[in-house]
Amino acid sequence: MTTTQLVTQIKQKKSFLCIGLDVDLNKIPSHLLELDDPIFEFNKAIIDATHHLCVAYKPNTAFYEAYGIKGWQSLEKTITYLNTNYPEIFTIADAKRGDIGNTSTMYAKAFFEDLAFDSVTVAPYMGKDSVEPFLAFKDKHTIMLALTSNEGAFDFQTKKVDKKELYIQVLETSKNWKNSESLMYVVGATKAEYFAEIRKIIPNSFLLVPGVGAQGGNLQDVCKYGLSENIGLLINSSRGIIYASKNKDYALAATQQAKKLQVEMETILNK
Ligand SMILES: O=C(O)c1cc(=O)[nH]c(=O)n1[C@@H]1O[C@H](COP(=O)(O)O)[C@@H](O)[C@H]1O
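The name that an unreviewed UniProt entry assigns to the protein is Orotidine 5'-phosphate decarboxylase, with the source organism given as Polaribacter porphyrae. Per UniProt, the protein carries the Pathway (unreviewed entry) text "Pyrimidine metabolism; UMP biosynthesis via de novo pathway; UMP from orotate: step 2/2." Within the UniProt record for the protein, the comment given under Catalytic activity (unreviewed entry) is "orotidine 5'-phosphate + H(+) = UMP + CO2".

What follows is the structure in structure tokens.
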């Protein structure tokens, strides 16, 4: 998917919501556990109930890998279901990969070719030759960690290297990589006060912003400095939406939570 197609979808739906499909068998309604593939059935119901309110879905691969081959099959069925039934939706494999060049190419093939995701999250720690193999894929997007939502973000990312914070170095340096126009960046919603500084370096890049809802980040604060000319934000909520109810009404409860965020987004976009 191209960035233009993503922006068109955002404008049509008046939403820049991304729903995280982080499925934990201990948290889904118990009646689903009797089915052959509870994870896929849960995802399918959530997707059918929320696709009109969001523009992206982000399965975090950890929640599938944890269940071995069956979990990977649930992931495959979920992405195929999305691509077949809702091809306008932007899909993110949250896998946080990155390795030496030839290995990164195989990671990229796994997510872009085999599973046909539109994007994958990548860690920048191994540098240019670990990220550029992902950028070589046309109309695919590489979402690089910049300033993450967790407390540990202060361990390295905000430390100064050559008088500049490491996350600033990541943003500035990556702009010079081949096909850098395919880069997006992760910035946590819990770090809202950093958005103004980040936008000075990457005014137009899309930012994936996790951390609203369960982690306490605030949508209004993020949008104040994070919105760009072409919107440029994908705000993710996982647990806050998919586990809104533990009962049989879980899909309806997810719709209601997603709607709340979508309405807030629509108000912000209309300003
Ligand atoms: O890359 C991510 O998506 C990510 C980066 C980050 O800094 N913080 C963060 O929470 N995430 C992911 O975003 C999702 C957040 O989930 P909730 O806190 O349940 O909304 C999880 O899948 C996390 O792994």
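(A) Examining the side chain of Ser 15 more closely. Relative to the assigned elements, Ser 15 resides in the loop between helix 1 (3-13) and strand 1 (17-20). At 2.6 Å, the side chain of Ser 15 and the backbone oxygen of Leu 53 are in polar contact. With residues near it in sequence (within four places) discarded, Ser 15 still touches Ile 10, Leu 53, Cys 54, Val 55, Gln 262, Met 265 and Leu 269.

(B) Seen up close, the UniProt feature "domain: Orotidine 5'-phosphate decarboxylase" (unreviewed entry) in the protein. Here the UniProt-annotated "domain: Orotidine 5'-phosphate decarboxylase" (unreviewed entry) positions come out as residues 16-254. With 39% helix and 18% strand, the stretch residues 16-254 has end C-alpha atoms that lie 16 Å from each other.

(C) Region of interest: the UniProt feature "active site" (unreviewed entry) in the protein. The feature "active site" (unreviewed entry), as annotated in UniProt, sits at Lys 96 in this numbering. Relative to the assigned elements, Lys 96 resides in strand 3 (residues 90-97). Each residue touching Lys 96, except ones within four places of it in the same chain, is listed here: Asn 60, Thr 121, Val 122, Ala 123 and Leu 145. A distance of 2.8 Å separates polar atoms of two side chains, one belonging to Lys 96 and the other to Asp 94.

(D) Quick peek at the environment of Gly 211. With respect to the helices and strands, Gly 211 occurs in the loop between strand 9 (207-210) and helix 10 (219-226). Each C-alpha atom, one on Gly 211 and one on Ser 149, is 6.0 Å from the other, the two residues being 62 residues apart in sequence. Not counting the four nearest positions on each side in its chain, Gly 211 is found in contact with Ala 189, Thr 190, Gly 216, Gly 217 and Asn 236.

(E) How the structure looks around the site of the ligand. Neighbouring the ligand are 17 residues, the closest being Asp 22, Ser 149, Gln 215, Ser 238 and Arg 239. Within the contact set of the ligand, an oxygen atom lies 2.9 Å away from a backbone nitrogen or oxygen of Ser 238. Considered on its own, the ligand offers 510 Å² of accessible surface; in the complex 89% of this is hidden by protein. For the shell around the ligand, the secondary-structure elements that each account for two or more residues are strand 3 and strand 10 (233-237).

Calculation notes
In this numbering scheme, every chain counts its residues from 1 along its sequence in written order. Owing to the predicted nature of the model, reporting of local features is limited to residues with pLDDT of at least 70; listing and counting of side-chain atom pairs is limited to 80 or more, with chain, interface and lining totals taken over all residues. Side-chain metrics rest on all non-hydrogen atoms present in the structure, leaving aside hydrogens and water. UniProt positions are given in the numbering used here, feature names are shortened, and annotations may be inferred rather than shown by experiment. Runs of E in the DSSP output that reach at least two residues are strands. Runs of H or I that reach at least four are helices, and both are numbered from the N terminus. Nitrogen and oxygen atoms within 3.5 Å of one another constitute a polar contact, given that in protein one can donate a hydrogen and the other can accept it, and given that sequence-neighbouring residues count only through two side-chain atoms. We call two residues in contact whenever any of their non-hydrogen atoms come within 4.5 Å of each other. We define proximity as follows: a residue is near a molecule or strand when any one of its heavy atoms falls within 4 Å of that partner. Methods summary: accessible areas were calculated by the Shrake-Rupley approach with a probe of 1.4 Å, and residue burial reflects only the protein chains presented.

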